[in-house]
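# Results of the structural survey
Listed below, chain by chain, are the residues.
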Amino acid sequence: MNEVKPPVAKIIPKKLEKHGDIRIDNYYWLNERENPEVIDYLNKENEYYQKSTAHTKQFQEDLFLEMKGRIKEDDTSVPYFYNGYWYITRFETGKDYPIHTRKKGSLEAKEEILFDCNEMAKGQSYFNLSGINISEDNKWAAFGIDLVSRRQYTIQIKNLETGEILPVKIENTTGGSTWASDNKTLFYTRKDAQTLRLDKIYKHTLGTKPENDQLIFHEKDDTFYTFVYKEKSKKYLVIGSTSTLTSEYQILEANNPDGQFRIFQPRVRGVEYSISHYGDSFYIVTNKDKATNFKVMKTPEHATNSENWQDLIPHRKDVLLEGIEIFKDYLVVEERTNGLHKIQIRPWNGTGDYYLPFEIETYTAYTTTNVDFDTEVLRYAYQSMATPSSIIDFNMRTKEKTILKEQEVFGGQFDKKNYSEERIWATAQDGTKVPISIVYKKGMKKDGKNPFLLYAYGSYGSSMDPYFSSTRLSLLDRGFIYGIAHIRGGEDLGRDWYENGKLLKKMNTFTDFIDCSKFVIAEKYTSSSHLYAEGGSAGGLLMGAVVNMAPELYNGVIAQVPFVDVVTTMLDDTIPLTTGEYDEWGNPNDKKYYDYMLSYSPYDQVKEQVYPNMYVSTGLHDSQVQYWEPAKWVAKLRVMKKGNNQLFLDTNMDAGHGGASGRFEALKELAKEFAFLFDLEKITK
């Protein structure tokens, strides 16, 4: 490789003082998004990455075409029936964006195109349409559009009878909205322009100007966000307010949009609940009464205060209750036991509850689009790391199962019988057993020579379930083992799994990942010269922490949009999402949390040592992890790291947190990551 010199960011020391502790941040200036010197530095890092990896350019293109070749280009979603229409989303060959359609009454009816996103995206470097919401008379569609990837959507309204899009543009929303039953009143959520917190619910009436829209609710507590929706029974409009630990709902009859919302049950710190309406009652999933893993309660619709709630499904110590789906004749309960999904069917008439049968030891199953209330068919999805995703209709009365669609893997090479999957258990340093789901091509030998990519997230109680990926086959078919470490901080093994990986126990998340890494090395699945780690966002924080704590375990690390400047970010309540995160990480205005966060904050803990090869990616317009966090981190690593290992910062100057918007553009970003790994493994085709 020809010698290319990495850029060095200039040093402008900034003194940051809190609780009598002084930190000097040499790269604080990189947060000036409009400063030409900042853009120049990011461009120089991009140029360094491009030149240093020029020899992999053709391979990246080949990988892109290989991954694209497995995707069915003219794909169609499984239709779902709602309020007299079948709704279908489809893709056409060679086109990046979906086409949203519907058919009246039957699937043989004439197709009505609601939105062709390919037409709408013309001339845009980024395009995302979200939150399609159709009025009960089927005449109006409200929808949201984001053109910069900052998740600030503009709501517009389309007349589905004439095809006209009204001139009304409602700015700075979530994109989602909900119609009242009068088919002319639309409720939606606005964001705080600076922090992007979802803080206000407005009401818009057809035929009026958005500036005259009425403010219905303002969520003033800056650790909460708010949203609005309609119950599946269509009887109630609901405004929700939630924080990490607490929730509150307000309800109003959907046929009375000018009425006053009333509080369902006032917020009580630490009590979470969600509500579903059925018949003359509400069903509540809640952790009330110390039900750590949640339970289901029931209350009359006109007596919703918690003193009226009655237990329906009690709390169980070893079963996490994740949610419910309500149908006219059935209650469907989603649970998680020992890290695996279960779906229980409970007829309302009390005749025989039962579970859906699942065979293998590591899989993912969850209910999908079940918008129809009056049906005996439950739609769910099923997949594993070696089994492509299928959408299944299950008749809850006859127990007949119809596979509507199994994800097709094109290219003629794929056969699930060629791959093995396992669930293995690593022992963490405190004795806790941590599961790892792995998949690899059959014939793998445990000789320590296999390249192994270990992925994890480990925050916010988000469980990382074993899922199928056709793009991952490009790794597996070249000899890689792929693993997902189900570390604490997620909710994979119940609510306690989350509680033991947040706040003042956050360190468990990082040490769990390190212990999983040591385990796959000790068991000879791989060795430190062939082990790679990957994580994004809060999983990028994980990557930043483990490379500081145990850099010798990894040959390479991929950190996507990493949250690495924990203390400075959490002290800045003007940054999007910060105040709502205090219950996850702690509030550093309290010295106890400040000291603890500082002990693992990747940017603050960079030291003079040999770091693994690293590929770091970000987006200039990211609203969740601001671009300057990875930029500052890389700038600091450049001057502190020892040795000659690679360090790349790749900034997408057009996109935000989710990366590129076209369905194939995202594959190009993945091809860069894979090429980085293959280059380190000396795999050239």
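Residues numbered from 1 in each chain as written. Predicted model: local features only at pLDDT ≥ 70, side-chain atom pairs only at ≥ 80, totals over all residues. Heavy atoms only, no water.

### Here we look at the overall build of the chain
To keep things clear, this is the line we draw: The numbering of helices and of strands both runs from the N terminus, where a helix is a DSSP run of H or I of at least 4 residues and a strand a run of E of at least 2. For each residue, the accessible area found with a 1.4 Å probe, counting protein chains only, is set against the maximum for its type, and the residue is called buried under 20%, exposed over 50%, and partly exposed in between. Any pair of residues with heavy atoms lying within 4.5 Å of one another is described as a contacting pair. Surface accessibility in these figures is a Shrake-Rupley result with a 1.4 Å probe; residues are shielded only by whichever protein chains are displayed. Neither His nor the chain termini are counted; the positive set is Lys and Arg, and the negative set is Asp and Glu. Where a charge lies is defined by one atom per residue type: Lys uses NZ, Arg uses CZ, Asp uses CG and Glu uses CD.
Helices and strands together make up the secondary structure of the chain, namely 12 helices and 37 strands. Here the C-alpha coordinates of the chain stretch approximately 70 × 55 × 50 Å along the principal axes. Every one of the 685 residues in the chain was classed for burial, and the buried ones make up 58%. Taking contacts inside the chain between residues at least 6 apart in sequence as the whole, the part at least 24 apart equals 56%. Surface accessibility of the chain: about 28,100 Å² in total, with carbon and sulfur atoms responsible for 48%. In the chain, which carries 86 positive and 98 negative side-chain charges, the distance between the mean positions of the two groups comes to 2 Å.

### Some thoughts on the sheet that holds strand β12 (residues 198–205)
Hydrogen bonding along the main chain pairs the strands of a sheet, whether they run parallel or antiparallel. For clarity, the cut-off: For two strands to be treated as a pair, DSSP must find at least two bridges joining them. Working convention: axes come from line fits to C-alpha atoms, limited for helices to the stretch in contact. Angles between N-to-C directions cover 0 to 180 degrees.
Spatially, 7 strands are ordered β7-β8-β9-β10-β11-β12-β13 in an open sheet, and the strand pairing comes out antiparallel. At either margin of the open sheet sits one strand with a lone partner, and together these are β7 (128–134) and β13 (214–218). The mean angle between the axes of side-by-side strands here comes to 30°, regardless of whether they run parallel or antiparallel. When strand β9 (residues 153–159) meets strand β10 (residues 170–179), the two strands line up antiparallel, connected through 2 bridges.

### Focus on the pairing of strand β36 (residues 613–619)
In terms of residue burial, β36 counts as a mostly covered element, since 7 of its 7 residues are buried. Side chains N613, Y615, S617 and G619 project from β36 onto one buried face, and the interleaved M614, V616 and T618 project onto a second face that is buried too. The sheet contact formed by β36 and strand β37 (residues 647–652) spans 6 bridges and is parallel. Paired with T618 across the strands is T651, a residue of β37.

### Focus on the packing of helix α6 (residues 507–522) against helix α7 (residues 538–549)
For any two helices packed against each other, the geometry comes down to the angle between their axes and how far apart the axes lie. What counts is decided by this rule: Every angle not falling under 35 degrees, over 145, or within 65 to 115 is termed oblique; those three ranges are roughly parallel, roughly antiparallel and roughly perpendicular. Here is the rule for handedness: rotate from the far helix to the near one, and if that takes an anticlockwise turn smaller than a right angle the crossing is left-handed, while a clockwise turn gives right-handed.
Interaxial distance between α6 and α7 falls to 10 Å at its minimum, and their mutual angle equals 65°. As summarised for this structure, α6 and α7 are arranged roughly perpendicular, according to the angle between their axes. Both α6 and α7 take part in a crossing whose hand is right-handed. Across the interface between the two elements, M507, T509, F510, T511, F513 and I514 of α6 pack against L541, L542, M543, A545, V546 and M549 of α7.

### Here we look at the packing of aromatic side chains
To be explicit about the condition: For Phe, Tyr and Trp, rings pair up if their centres lie within 6.5 Å, where Trp contributes its six-membered ring, and each pair is then called stacked (planes under 30 degrees apart), edge-to-face (over 60) or tilted (otherwise).
As enumerated under the stated definition, the model contains 43 aromatic pairs in all. Geometrically, the ring pair formed by F227 and Y229 is stacked, given 6.3 Å between the ring centres and 20° between the ring planes. For the ring pair F510 and Y600, a centre distance of 5.2 Å and an interplane angle of 55° mean the geometry is tilted. Placement of F510 in helix α6 and of Y600 in helix α10 (residues 591–600) is noted, with a sequence separation of 90 residues between them. Judged by relative accessible area, which is 1%, F510 ranks as buried.

### Observations concerning the sheet that holds strand β24 (residues 340–347)
Spatial strand order, β22-β23-β24-β25: 4 strands in an open sheet with antiparallel pairing. Both outer strands of the open sheet, β22 (319–326) and β25 (354–355), are each paired with one neighbouring strand and no more. With 2 bridges connecting them, β24 and β25 associate as antiparallel partners. The residue bridging Q344 from the neighbouring strand is Y355, located in β25.

### Looking at helix α1 (residues 36–52)
The criterion, for reference: Given a helix with a known number of residues, its expected span is that number minus one, times 1.5 Å. Starting at the helix axis, one direction is taken to each C-beta atom, and the arc is that of these directions. Distance and chemistry together define a polar contact, namely a pair of N or O atoms within 3.5 Å, with one atom able to donate a hydrogen and the other to accept it when in protein, and with adjacent residues in sequence counting only for side-chain atoms on both sides.
A rise of 1.5 Å per residue sets the reference length of α1, with its 17 residues, at 24 Å; its end C-alpha atoms lie 24 Å apart and thus fit the reference within 8%. Every buried residue of α1 is accounted for by V38, Y41, L42, E45, N46, Y48, Y49 and S52. Axial view of α1: buried residues confined to an arc of 160°, hence all on one face. Its side-chain oxygen at 2.8 Å from the backbone nitrogen of E37, N35 defines the N-terminal cap of α1.

### A look at the packing of α1 against helix α11 (residues 628–640)
What counts here: Throughout, the ten residues Ala, Val, Leu, Ile, Met, Phe, Trp, Tyr, Cys and Pro are labelled nonpolar, Asp, Glu, Lys and Arg are labelled charged, and all others, Gly among them, are labelled polar.
Across the interface, α1 lies against α11 with an axial gap of 12 Å and an inter-helix angle of 65°. Considering how the two elements wind past one another, α1 and α11 form a crossing that is left-handed. Along the contact surface, α1 presents Y41, L42, E45 and Y48, while α11 presents A631, V634, A635 and R638. Its residues assigned to classes, the contact of α1 with α11 shows 6 nonpolar, no polar and 2 charged.

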